[in-house]
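A closer look at the structure
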Amino acid sequence: MQIRNICCIGAGYVGGPTMAVIALKCPDIKVTVVDINQDRIDAWNGPLHQLPIYEPGLKEVVAAARGRNLFFSTDINGAIDCSEMIFMAVNTPTKTEGEGAGMAADLRYFEACAKQIAKVAKTDKIVVEKSTLPVRTAEKIKEILEKHGKDDVHFEILSNPEFLAEGTAIQDLFKSDRVLIGGDPSPSGQMAVKALAEIYAQWIPREKILATNVWSSELAKLASNAMLAQRISSINSLSALCEKTGADIDELSKAIGMDHRIGPHFLKASVGFGGSCFQKDILNLVYLCKYYGLDEVAEYWHQVVKINDYQKDRFAQKIIDAFEGNVQGKNIAILGWAFKKDTNDSRESAAINISARLIEKGALIQIYDPMVTGDSINNDLNNFWKMSNFSNNMIKEFILMINIQSSLLNALDNADAVAIITEWDEFKEIDFSNDVKVFDGRNIVKSFGNSDIYNIGK
Ligand SMILES: NC(=O)c1ccc[n+]([C@@H]2O[C@H](COP(=O)([O-])OP(=O)(O)OC[C@H]3O[C@@H](n4cnc5c(N)ncnc54)[C@H](O)[C@@H]3O)[C@@H](O)[C@H]2O)c1
């Protein structure tokens, strides 16, 4: 079966870049990315320097394919109708209410898409799970598609989780370590797997395209993120022990990582992991383990998130301790708001917790990030305090203590302390004055004059 028309529902950090790369590499396939968010679609159709997502290399890919065989639209029904293959790349955040709140994945957007596909489809469709989902979601989706779909329309469901990392998404999509395609063992299931594999084979070597059963594919994504985050929490937990014993965390990381059985990646101590995926996916895994009665396994993985929270708290407390417990009225510069460099995504960024804690203790915060907008920063803090049950009046007072700066120099002006949260290249070599305290969450302090330097694990 040859695919000529693809629709992707969800024009976010996954849907946008993945579809742009498919369109670039498969000029014979028409790719339409749809979303309910009109502003996002307008931005995808707007000037290349203002795409809704910042990723190195993305604008060049969009420039080459947009208008040729890559389209962005809010006409979801039209795109479903015309496509043989439909990717679902909508958000699956942690549930905030109802059963499993704070742990389980919220599948309401995903289920709404499945219903819409079922209602609109007049011809057979291959439906691809691109979002990260709990294992066995395909079963639920099949039920929805069969319940709401027309009797003579057949749906084949594939799991094709996305492994890109924000900040290197285009590079990751061009040279994926592996592409995972989970499908049903039936002949029609295997035909669908083959159809999707043919698309990726346009640029990914065939030996890297891995066909599995649907459940392995769904679970492999959660497990991969859990294993990556677990390495970060492991090294961060050891950074606390280094501080007590005089061992040096960088020396420790190097010594551990040189063991070829362990390897050097994800072993750098830091202020903790952020981003929209690691925490949400581990909590989802924890919830699944509990659901299946595997309490010990659930507790094992939960500890990865708990250590991450501990590390963020420890970092904020270090700043407070450096002022003998009183940061009231102190000017603290927060450098970096994105959860990592080369992205404008600040979901679950460590900067949010750390800034909120300092503001709650009376500090004045100067925030600078080269890519994250002031609106996003204000929203992040507002939502954080709302979730922490602060009153609207308190939140209004807190907001007055935030200054969003448009340049690094402005943020540093009159700072009593500087906390470097994101490893943006422009923060690599800053000359701080002698009387400023520097807290480096990236643990890569270079030439910092004679300032007091507080490093994780040293
Ligand atoms: N961001 C990452 O680095 C990353 C990496 C791998 C996997 N994932 C997974 O991919 C999925 C998407 O993540 P994201 O970061 O792209 O999310 P996102 O929030 O950036 O984008 C999701 C988009 O879906 C749209 N949407 C929601 N419901 C819709 C509906 N019913 N119809 C049409 N559009 C709808 C939203 O408006 C939004 O633009 C998640 O499951 C996530 O866990 C994310």
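Conventions and cut-offs
Residues numbered from 1 in each chain as written. Predicted model: local features only at pLDDT ≥ 70, side-chain atom pairs only at ≥ 80, totals over all residues. Heavy atoms only, no water. Helix = DSSP H or I, 4+ residues; strand = E, 2+ residues; numbered from the N terminus. Rg over C-alpha atoms; globule rule 2.2 N^0.38 Å. Buried < 20%, exposed > 50% of the residue type's maximum accessible area, 1.4 Å probe, protein only. Contact = heavy atoms within 4.5 Å. Areas by Shrake-Rupley, 256 points an atom, 1.4 Å probe, with all protein chains shown as cover. Lys, Arg positive; Asp, Glu negative; His and termini not counted. Charge placed at Lys NZ, Arg CZ, Asp CG, Glu CD. Disulfide = S-S within 2.5 Å. Salt bridge = Lys/Arg side-chain N within 4 Å of Asp/Glu carboxyl O. Pairing = 2+ DSSP bridges. Right-handed = clockwise from strand over helix to strand, strands pointing away. pLDDT = per-residue confidence, 0-100. Near = heavy atom within 4 Å. Polar contact = N/O pair within 3.5 Å; in protein donor to acceptor, adjacent residues only side chain to side chain. Nonpolar A, V, L, I, M, F, W, Y, C, P; charged D, E, K, R; others polar.

1. Focus: the overall build of the chain
Within the chain one finds 16 helices and 14 strands. For the chain, the C-alpha radius of gyration of 23 Å lies close to 23 Å, the compact-globule estimate for 458 residues. Here the chain, with 458 residues, has 52% of them falling under the buried criterion. Taking the intrachain contacts of the chain between residues at least 6 apart in sequence as the baseline, contacts between residues at least 24 apart amount to 73%. Total accessible area on the chain stands at roughly 20,900 Å², and carbon and sulfur atoms take up 51% of it. If you average the places of the 49 positive and of the 60 negative side-chain charges in the chain, the two averages end up 2 Å apart.

2. Considerations on the state of the cysteines
Evaluated as defined, the whole model comprises 0 disulfides. Free cysteine: cysteine 26, not disulfide-bonded; nearest cysteine sulfur from cysteine 8 at 14 Å. Exposure remark for cysteine 26: the relative accessible area of 4% places this residue in the buried category. A disulfide-free cysteine, cysteine 289 has its sulfur positioned 18 Å from the sulfur of cysteine 277, the nearest such atom.

3. Considering the pattern of salt bridges
If you walk through the whole model with that rule in mind, you get 18 salt bridges. Of the charged contacts in the structure, one is a salt bridge between lysine 140 and glutamate 111, with a shortest N-O distance of 3.3 Å. Residue lysine 140 is located in helix H6 (residues 137–148), and its partner glutamate 111 is located in helix H5 (residues 108–120); the two are separated by 29 residues in the primary sequence. Classification of lysine 140 by relative accessible area gives partly exposed; the value is 41%.

4. Topic: the pairing of strand S5 (residues 125–129)
A regular strand places its side chains on the two faces of the sheet in alternate fashion. Counting buried residues along S5, 5 of its 5 residues qualify, which places the element largely inside the surrounding structure. By the bridge criterion, 4 bridges tie strand S4 (residues 85–88) to S5 in an arrangement that is parallel. The residue bridging methionine 88 from the neighbouring strand is glutamate 129, located in S5. Crossover S4 to S5 through H5 is right-handed. Taken together, the 5 bridges between S5 and strand S6 (residues 155–159) define a ladder with parallel strand orientation. Across the sheet, residue valine 127 finds its bridge partner in S6, namely isoleucine 157.

5. What about the confidence of the model for the chain?
Of the residues in the chain, 98% have a pLDDT of 70 or more, and the chain-wide mean is 95. In the model, residues 444–448 has pLDDT below 50 throughout and makes 16 contacts with residues more than four positions away in sequence or in other chains.

6. Section: the site of the ligand
Taken together, 26 residues form the shell around the ligand, and within it Asp35, Arg40, Thr92, Glu166 and Lys280 come nearest. Between arginine 40 and the ligand, the recorded distance is 2.7 Å, taken from a side-chain N or O atom to an oxygen atom. In this structure, threonine 132 approaches the ligand through a main-chain N or O atom, which is 2.9 Å from an oxygen atom. Compared with its free state, where it exposes 840 Å², the ligand has 92% of that area covered by protein. A breakdown of the residues in the shell around the ligand according to their chemical character gives 11 nonpolar, 8 polar and 7 charged.

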